[in-house]
Amino acid sequence: MTKKLSHLDETGNASMVDVSEKQATVRTAVASGKVAFPPAIFDTLVSKDFLGSKGSIIQTAVIAGIQAVKKTADLIPLCHQLNLSKIQIDIVPVENALQIICKVKCNELTGVEMEALTGVSVSALTIYDMCKALSHDIEISEIKLEQKSGGKNDFNR
């Protein structure tokens, strides 16, 4: 079996995948990412319980990520609009960094990988935005799909 890009038609033009013949199934995806800080900056954030002048850094990033998940089809041109049933974003401190995990669930014709990855990405960008006054030496990294289920091919990293 030869794999091919699913968002190109036979002439090479961009095309939204036709999912009309698929069965609706419960589909889940989990994505993760990390925002790393210089040690002194991270220590400052910990000492302030991740509260900045704009409010709770972590809770603001969670809300931003949830909003982004719901807007994925508006941001990524060939994504389908999905009726989502669950979005969960967890942000936890790890060594000089904040680890982001986004879990998304739906009962649809296509999966939610892009939604989970978008949630992580926007959460990370929100953390950067809220912390950049302390340092621009902040790294967003390791954004990846960890798991997906419910479609033709399940995946576990």
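Residues numbered from 1 in each chain as written. Predicted model: local features only at pLDDT ≥ 70, side-chain atom pairs only at ≥ 80, totals over all residues. Heavy atoms only, no water.

**Student:** Can you help me understand the sheet that holds strand 6 (residues 139–149) in this one?
**Tutor:** Pairing between the strands of a sheet is mediated by backbone hydrogen bonds and can be parallel or antiparallel. Strands sit in the order 4-5-1-6-7 across an open sheet of five strands; the sheet is antiparallel. Every other strand in the sheet has two partners, leaving strand 4 (84–94) and strand 7 (155–156) as the edge strands with one partner each. By the bridge criterion, ten bridges tie strand 4 to strand 5 (residues 97–108) in an arrangement that is antiparallel. Note that in strand 5 the partner of valine 92 across the bridge is glutamine 99. (Pairing = 2+ DSSP bridges. Helix = DSSP H or I, 4+ residues; strand = E, 2+ residues; numbered from the N terminus.)

**Student:** Mind showing me how you'd approach the side chain of lysine 148 here?
**Tutor:** Checked against the element boundaries, lysine 148 lands in strand 6. Within the structure, the side chain of lysine 148 is placed 2.5 Å from the backbone oxygen of asparagine 153, a separation counted as a polar contact. Ignoring sequence-local partners within four residues, the contact set of lysine 148 consists of Thr28, Ala29, Glu113, Asn153, Asp154 and Phe155. (Polar contact = N/O pair within 3.5 Å; in protein donor to acceptor, adjacent residues only side chain to side chain. Contact = heavy atoms within 4.5 Å.)

**Student:** Honestly, unusual backbone geometry in this entry has me stumped. Any pointers?
**Tutor:** Residues other than glycine predominantly adopt negative phi, and peptide bonds predominantly adopt the trans conformation. Although it is not a glycine, asparagine 96 sits at a positive phi angle of roughly 55 degrees. In this structure, asparagine 96 sits in the loop between strand 4 and strand 5. Phi at glutamate 142 takes a positive value of approximately 60 degrees, unusual for a residue other than glycine. For glutamate 142, a relative accessible area of 42% gives the class partly exposed. (Buried < 20%, exposed > 50% of the residue type's maximum accessible area, 1.4 Å probe, protein only.)

**Student:** For this particular structure, what's the right way to read the environment of valine 35?
**Tutor:** Relative to the assigned elements, valine 35 resides in strand 1 (residues 25–36). Taking the C-alpha atoms as reference points, valine 35 and isoleucine 63, 28 residues apart in sequence, are found 17 Å from one another.

**Student:** How should I be thinking about the pattern of salt bridges in this particular structure?
**Tutor:** Between side chains of opposite charge, a pair can form when the charged atoms approach closely. One pass over the structure, following the stated rule, counts five salt bridges. Close ionic contact of aspartate 129 with lysine 132 constitutes a salt bridge, the shortest N to O distance being 2.7 Å. The network of salt bridges with shared partners includes Lys34, Glu142 and Lys144. (Salt bridge = Lys/Arg side-chain N within 4 Å of Asp/Glu carboxyl O.)

**Student:** Whenever I open this one, a nonpolar patch on the surface confuses me. Can you help?
**Tutor:** A cluster of nonpolar residues, Leu125, Ile140 and Ile143, forms a patch on the protein surface that exposes about 230 Å² of accessible area. Residue placement: isoleucine 143 occurs in strand 6. (Patch = residues over 30% accessible without salt bridge, like charges linked within 9 Å, V, L, I, M, F, W, Y side chains within 5 Å. Areas by Shrake-Rupley, 256 points an atom, 1.4 Å probe, with all protein chains shown as cover.)

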